[in-house]
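Here are the chains, one letter per residue:
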Amino acid sequence: MRAAPEALRAAPEAAAAVRPGGQGAGAEPVAGTAAAPGGGATRADPGPVTRDRYVDWLRALSLIVVVLWHWCFTILQWSPGGPQPTSPLGFTSGLWVFTWLLQVLPLFFYVGGHVHLLSWERACARGVGIGAFVWKRLRALAIPGLSLALTWAVLGAIVGRAFDLSWMGQVVILIISPLWFLAVYLVLIALLPISLYLHRKYDVLVLIWLGGAALAVDVLRFRYGIDWVSWLNMVLVWGLAHQAGFFYERIVRLPRRFDVAILTTGLFALLGLVFSGLYPGSMVGVPGELSNMAPPTFVIVALLVFQMGVVEVFRPVMEHRLQRPLWHRVNETINRFALPLFLFHTTGMAIARGLGWWVFGEDLNDHVPPDLQWWLTRPLAIVAPLLCTLPVIALFGRRWRRRPISR
C-alpha cells in the first residue's frame, strides 16, 4: 500500500459528503456522522471527519474547464437563421488529441457519483429517507437551471418580437444549450435509488453491463443504421461514469502501480477505437463530423477510464499542493463559484459579444479559418466574458456569494 501522505486516500470525501477519519494530505476536519458502506446507517460518530480537497478541486475544475473552452474556442458564423457555432478543431489538424484531457464531463460525472454515494451514506446515518435525499438534490440543481432557461426563453421571445429578430430563438438555444448536461445529471440523481440498489447487490457487474449495453447501442447505430437507439447512451454512458464514482474509494486504495495501469488501459482503448476509423478522434463535437458526445459513443467509456487514471497519477502532487494556504484558498473560492460561473457563463459571453458589436461595430462573423492572431488572443478572449459574467453572478447568485454551496 502507499505510504503517507497518501494514506488519506483510504478515506476520501467530497464537498457534498464527509467521511470519518484521521488527518492527512489534502484533508481537513469537519464535524459529521459515520455511515456504513453500501448505505447502511450506524450510530453517530462524534469524532472528526475529513474532506478530500482533491475531490473538491476535481469537481470545480471540470466545470471551469468547460467554461474556459466555451469562452476561448467558440467560433460564431452568422446566417439568416442566426449564429452557428463551430470549433477551431475543424480547421487545425491534430488538435483533437487535446480534447482527451479537456473534455472533462466524464470526470465530472465520475466525481459526482462518488459525492452522491458518500452523501447518501451520511444522510442515511441521520435517518433521512432515499426519497427526501433525492428530492433535495433535484431541487438544488433543477431550480437554478430551469429559472435560467425560462428567463432566457421569455427574454428572447420579447426581444425577438419587439425588434423583429427572427434569429433570436437560435441565440437563446446557444445560450442555454450547455445546460443539457445538467438535465442528464438530474436524470441520474432521480435514478439514484436504482443505481444504489444495483451497486449494493451486483457491485462491479453493473459497470460491465452498462459498458456492454453502450457498446451494443453503437453496434445497432453504426452497423444496422438504427439511429434513434443512440440516444440510450445518454443514460448508459453517463450512467456508467456516475456508477464508476461509487468505486472511487477502492481505486484510491489500490497500490500505486494500478494508477498507471488504469491510465494506460484507457489510453490504449482510446487509441484502438479512434485509429480503427470507426470513431472520430475529437471528444467534442466538430461541425460536419460524427460526434462522440451528442449522443455519446463507447469512446467516452474509454475516455472515462483514461481520465480516472490521470486523476490517480496526479493525486500525490495535487494533494501536496492543496495543503498549501494559497492553493487551499483558491480551491475554496473556485468551489464556491464554479456552479454559478457555469450557469451564467454563456449569458456573460452573449452580453460581451453584444457590447463588442455595439461599441466597436465588429463584424458579426468570427474570422474563419482561425489565423495566428486569433490563436495569440485566446487568453484575452476570457477577459470580456468574465467581466460581463461577474455582475450577473452578483445580481442572481447571492446564494453563492453569501456562503459556500450547500454541502
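Residues numbered from 1 in each chain as written. Predicted model: local features only at pLDDT ≥ 70, side-chain atom pairs only at ≥ 80, totals over all residues. Heavy atoms only, no water.

(A) Layout of the overall build of the protein. Helix and strand counts for the protein come out as 17 helices and five strands. Buried residues in the protein amount to 50% of all 407 residues. Taking all contacts inside the protein whose residues are at least 6 apart in sequence as the whole, residues at least 24 apart take part in 79%. Summed over all atoms, the accessible surface of the protein reaches about 19,300 Å², with 70% contributed by carbon and sulfur. (Helix = DSSP H or I, 4+ residues; strand = E, 2+ residues; numbered from the N terminus. Buried < 20%, exposed > 50% of the residue type's maximum accessible area, 1.4 Å probe, protein only. Contact = heavy atoms within 4.5 Å. Areas by Shrake-Rupley, 256 points an atom, 1.4 Å probe, with all protein chains shown as cover.)

(B) Broad picture of helix α14 (residues 325-360). For α14, which comprises 36 residues, the first-to-last C-alpha distance of 42 Å sits more than 12% below the rise-based estimate of 52 Å (1.5 Å per residue). At phenylalanine 344, α14 shows its largest bend, some 45°. (Expected span 1.5 Å × (residues − 1). Bend = angle between axes of the 7 residues up to and from the residue.)

(C) Local environment of the packing of helix α7 (residues 192-202) against helix α8 (residues 205-222). The contact between α7 and α8 brings their axes to 8 Å, and the two run at 120°. As far as their axial angle goes, α8 and α7 are oblique. From α7, Leu198, His199 and Tyr202 reach across to α8, where they touch Leu205, Val206 and Trp209. Of the residues belonging to the contact of α7 with α8, the class tally is five nonpolar, one polar and no charged. (Axes fitted to C-alpha atoms, helices over the stretch in contact; angles between N-to-C directions. Parallel < 35°, antiparallel > 145°, perpendicular 65-115°, else oblique. Nonpolar A, V, L, I, M, F, W, Y, C, P; charged D, E, K, R; others polar.)

(D) How the structure looks around the packing of helix α9 (residues 233-244) against helix α12 (residues 299-313). Between α9 and α12, whose axes approach to 10 Å, the crossing angle comes to 20°. The pairing of α9 with α12 is recorded here as roughly parallel in orientation. Crossing handedness for the pair α9 and α12: right-handed. Contacts from Val237, Trp238, Leu240, Ala241 and Ala244 in α9 reach Ile300, Val301, Leu304 and Met308 in α12. Broken down by class, the residue content of the contact of α9 with α12 amounts to nine nonpolar, no polar and no charged. (Left-handed = near helix turned anticlockwise from the far one by under 90°.)

(E) Highlighting the packing of aromatic side chains. Per the stated rule, a full pass over the model turns up 20 aromatic pairs. Both rings, one in phenylalanine 73 and one in tryptophan 374, keep their centres 6.5 Å apart while their planes meet at 50°; by these two values the pair is tilted. On the criterion of sequence distance, the pair formed by phenylalanine 73 in helix α1 (residues 53-73) and tryptophan 374 in helix α15 (residues 372-376) is long-range, its members being 301 residues apart. In this structure tryptophan 374 comes out as buried when scored by relative accessible area, which is 9%. One aromatic cluster is present, built from ring pairs that chain together Phe108, Phe109, Trp180, Phe181, Tyr185, Trp238 and Phe342. The ring of tyrosine 224 has arginine 223 lying over it, and the distance from NZ or CZ to the ring centre is 5.2 Å. Directly above the aromatic system of tryptophan 374 lies the positively charged group of arginine 378, at a separation of 3.9 Å from the ring centroid. (Phe/Tyr/Trp six-rings, centres within 6.5 Å; stacked < 30°, edge-to-face > 60°. Lys NZ or Arg CZ within 6 Å of the ring centre and 35° of its normal.)

(F) Spatial organisation of the pairing of strand β4 (residues 75-79). As defined by bridge partners, β4 adjoins strand β5 (residues 82-86) across five bridges and the pair is classed as antiparallel. Each bridged residue has a counterpart across the sheet, and for isoleucine 75 the counterpart in β5 is threonine 86. (Pairing = 2+ DSSP bridges.)

(G) Local environment of a nonpolar patch on the surface. Together, Tyr197, Tyr202, Val204, Leu205, Ile208 and Trp209 give the surface a local cluster of nonpolar side chains, amounting to about 570 Å² of exposed area. Contributions of two or more residues to the nonpolar patch are made by α7 and α8. Looking at the nonpolar patch, the element that brings in the most residues is α8, giving three residues. With respect to the helices and strands, tryptophan 209 occurs in helix α8. On the basis of relative accessible area, tryptophan 209 is assigned to the partly exposed category, the value being 45%. (Patch = residues over 30% accessible without salt bridge, like charges linked within 9 Å, V, L, I, M, F, W, Y side chains within 5 Å. Salt bridge = Lys/Arg side-chain N within 4 Å of Asp/Glu carboxyl O.)

(H) Main features of the confidence of the model for the protein. Overall, the predicted model of the protein reaches an average pLDDT of 84, with 84% of residues at or above 70. Confidence drops under pLDDT 50 across residues 1-25; counting only partners more than four residues distant or on other chains, this segment forms 93 contacts. This stretch, residues 29-49, has a pLDDT under 50; its non-local contacts, to residues over four places away or in other chains, come to 49 contacts. (pLDDT = per-residue confidence, 0-100.)

(I) The environment of isoleucine 130, seen in detail. By secondary structure assignment, the location of isoleucine 130 is in helix α4 (residues 130-163). Sequence separation between isoleucine 130 and leucine 192 is 62 residues; the distance between their C-alpha atoms is 8.5 Å. The contacts of isoleucine 130, once residues within four sequence positions are left out, are Trp120, Pro193 and Leu196.

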